[in-house]
Amino acid sequence: GDVETGRSRLLRSFYTQRLDIQYTPIMVYDEPLAAPYDTSFVLLFSGWPHSHTRFVRQNSGAITLDLASRLKPPAQAGALPTKFYDGTTHKTYQRPSRAWEEWHCNTTPFRDRPLCQTYRFQIFDPDGNSRDTEVVLDAVKGRTLRATRAIPKGTFINLEDAATSLFIDYDEWDLLHSFIEMYPDALMYSELRDFVVAYGYQASTASRAGWAVSIANVNTFVNHGCTEEETNGTHLPSYNEMNFSPLLARHMELLMVSQIAKRDIAPGEEILQNYLHFREDGNEGGNSVYNAFVNNMCKTKKGLVEVSGVEDTHDEL
């Protein structure tokens, strides 16, 4: 009763008063090992810190090895240094339970947001996802993605793309860069990095932080829209939802990086999105190098992937 009311009021205040309470991001999780007691935790980070990216690392083995390097070995042979906690246990703290999703989408102001009202259900609605696209080769741009039928505003476009992506968390990304510096002649590792930079994007919420790249879907050929008018594809979450949303934290892959029709898309129209959203500091006033690249791409129509005629298949990747 009183505890639930107070907790709900606290979490709503974090969402609605972002200018007053500077916690970014906010995570919630339950501790099932505390059963039969009902124990939940709210984690407050400040300014998307390094401690958060470490908390949401994807590899449970890396977390276990970190733990092993910091704990004193038990005095008794054959004993473990912890009773319950290790990297696999930690993974259960990174995404909230379904109960938190239900609370989120049945509590104001969260329940009135499109994520809860519309897209939570649309994931399970075949009519809410359009696969009516085809890859068309362009002499300047290379591969483009075009609609083969009308795609209504708000429809997912090839939602499977979000489920067929390679994800590299920031810790792994840093390790990859260090490995390339140590072994520059191991070219496939630098090619892996270059592939992710050319085709991938930064994708971070409260439950995940790192780089993602499509490995088996045509949405990877969506090009940049240079004006607001021609950009017809977009992504869902607002700033506040990336900061705190148990729904988004649970369905990060599908609801964070999925392509949505920003407006009605006509048959034959090329699908375009804003590449500035691909970098966390890529908006106006952010990453000047990346912004300059995007601006130059609008002038030349050429991106990071070299186009060597329509016969190019990029099999080397």
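Residues numbered from 1 in each chain as written. Predicted model: local features only at pLDDT ≥ 70, side-chain atom pairs only at ≥ 80, totals over all residues. Heavy atoms only, no water.

**Observations concerning the overall build of the chain**
Moving on, step 1. Within the chain, the secondary structure is distributed over 13 helices and 13 strands.
Moving on, step 2. Considering the chain as a whole, with its 317 residues, one finds that 42% of them fall into the buried category.
Moving on, step 3. Intrachain contacts of the chain at a sequence separation of at least 6 include 69% that bridge at least 24 residues.
Moving on, step 4. Total accessible area on the chain is roughly 17,400 Å²; 55% of this is exposed by carbon and sulfur atoms. (Helix = DSSP H or I, 4+ residues; strand = E, 2+ residues; numbered from the N terminus. Buried < 20%, exposed > 50% of the residue type's maximum accessible area, 1.4 Å probe, protein only. Contact = heavy atoms within 4.5 Å. Areas by Shrake-Rupley, 256 points an atom, 1.4 Å probe, with all protein chains shown as cover.)

**Considerations on the confidence of the model for the chain**
Moving on, step 1. For the chain, the mean per-residue pLDDT works out to 87, and 90% of the residues sit at or above 70.
Moving on, step 2. Here helix α1 (residues 2–16) stands out as the least confident element of the chain, with mean pLDDT 67; helix α8 (residues 170–182) is the most confident, with 97.
Moving on, step 3. Low pLDDT (under 50) marks residues 310–317, which in the prediction has 10 contacts with non-local residues, meaning those over four places away or in another chain. (pLDDT = per-residue confidence, 0-100.)

**Structural notes on the nonpolar core**
Moving on, step 1. Of all hydrophobic cores here, the largest spans 25 residues; its most connected members are Phe156, Leu236 and Leu255.
Moving on, step 2. Sequence-distant contacts of Leu255, that is, excluding residues within four places in its chain, are made with Leu115, Tyr119, Ile123, Phe156, Leu236, Pro237, Leu247 and Leu248.
Moving on, step 3. Grouped together as the second largest cluster of nonpolar side chains are 20 residues, Leu43, Ile168, Tyr199 and Phe221 included. (Core = buried A, V, L, I, M, F, W, Y, C linked by side-chain atoms within 4.5 Å.)

**Some points on the packing of aromatic side chains**
Moving on, step 1. Under the criterion given, the structure shown has 15 aromatic pairs.
Moving on, step 2. Centroid distance Phe179 to Tyr189: 4.8 Å. Interplanar angle 55 degrees. Geometry classified as tilted. Within this pair, whereas Phe179 is found in helix α8, its partner Tyr189 is found in helix α9 (residues 187–199), the two being separated by 10 residues in sequence.
Moving on, step 3. Note on Tyr189: relative accessible area 40%, which makes it partly exposed.
Moving on, step 4. Where Tyr290 meets Phe293, the ring centres are 5.8 Å apart and the plane angle is 45 degrees; that geometry is what we call tilted. Here Tyr290 and its partner Phe293 are both found in helix α13 (residues 288–300), three residues apart, which amounts to about one turn of the helix.
Moving on, step 5. Residue class for Tyr290 comes out buried when judged on its relative accessible area of 8%.
Moving on, step 6. Within the aromatic cluster, the residues linked to one another by ring pairs are Tyr29, Phe41, Tyr85 and Tyr93.
Moving on, step 7. The ring of Phe167 carries Arg208 above its face, with NZ or CZ at 3.8 Å from the centroid. (Phe/Tyr/Trp six-rings, centres within 6.5 Å; stacked < 30°, edge-to-face > 60°. Lys NZ or Arg CZ within 6 Å of the ring centre and 35° of its normal.)

**What about the side chain of Thr155?**
Moving on, step 1. Within the secondary structure, Thr155 sits in the loop between β5 (142–147) and β6 (156–157).
Moving on, step 2. Note on Thr155: relative accessible area 8%, which makes it buried.
Moving on, step 3. In this structure the side chain of Thr155 is engaged in a polar contact, spanning 2.9 Å, whose partner is the backbone oxygen of Pro152.
Moving on, step 4. Each residue touching Thr155, except ones within four places of it in the same chain, is listed here: Gln122, Gly128, Asn129, Ser130, Gln259, Ile260 and Ala261. (Polar contact = N/O pair within 3.5 Å; in protein donor to acceptor, adjacent residues only side chain to side chain.)

**Quick word on the sheet that holds strand β11 (residues 233–234)**
Moving on, step 1. Pairing is mixed across the open sheet formed by four strands, whose spatial order is β3-β6-β12-β11. Because the sheet does not close on itself, it has two edges, and the strands there are β3 (129–130) and β11.
Moving on, step 2. Of the strand pairs in this sheet, β11 and strand β12 (residues 259–261) are connected by two bridges, and their pairing is antiparallel. Within β12, the position partnered with Gly233 by the bridge is Ala261. (Pairing = 2+ DSSP bridges.)

**Concerning the sheet that holds strand β8 (residues 201–202)**
Moving on, step 1. Here we have three strands laid out as an open sheet, ordered β7-β9-β8, and antiparallel in their pairing. Where the open sheet ends on each side, the last strands, each with one partner, are β7 (165–169) and β8.
Moving on, step 2. Each of β7, β8 and β9 (210–214) is contacted by α8, which is oriented at about 80 degrees to β7, the strand it contacts most.
Moving on, step 3. Across the sheet, α9 is in contact with β7, β8 and β9; its angle to β9 comes to roughly 80 degrees. (Axes fitted to C-alpha atoms, helices over the stretch in contact; angles between N-to-C directions.)

**Quick look at the environment of Ser130**
Moving on, step 1. As for its position among the elements, Ser130 is in strand β3.
Moving on, step 2. Since its relative accessible area comes to 6%, Ser130 is described here as buried.
Moving on, step 3. With 20 residues separating them along the chain, Ser130 and Ala150 place their C-alpha atoms 9.2 Å apart.
Moving on, step 4. When sequence neighbours within four positions are dropped, the list of residues in contact with Ser130 reads Ile151, Thr155, Phe156, Ile157 and Asn158.
Moving on, step 5. Polar side-chain contacts of Ser130 include one of 3.2 Å to the backbone nitrogen of Asp132.

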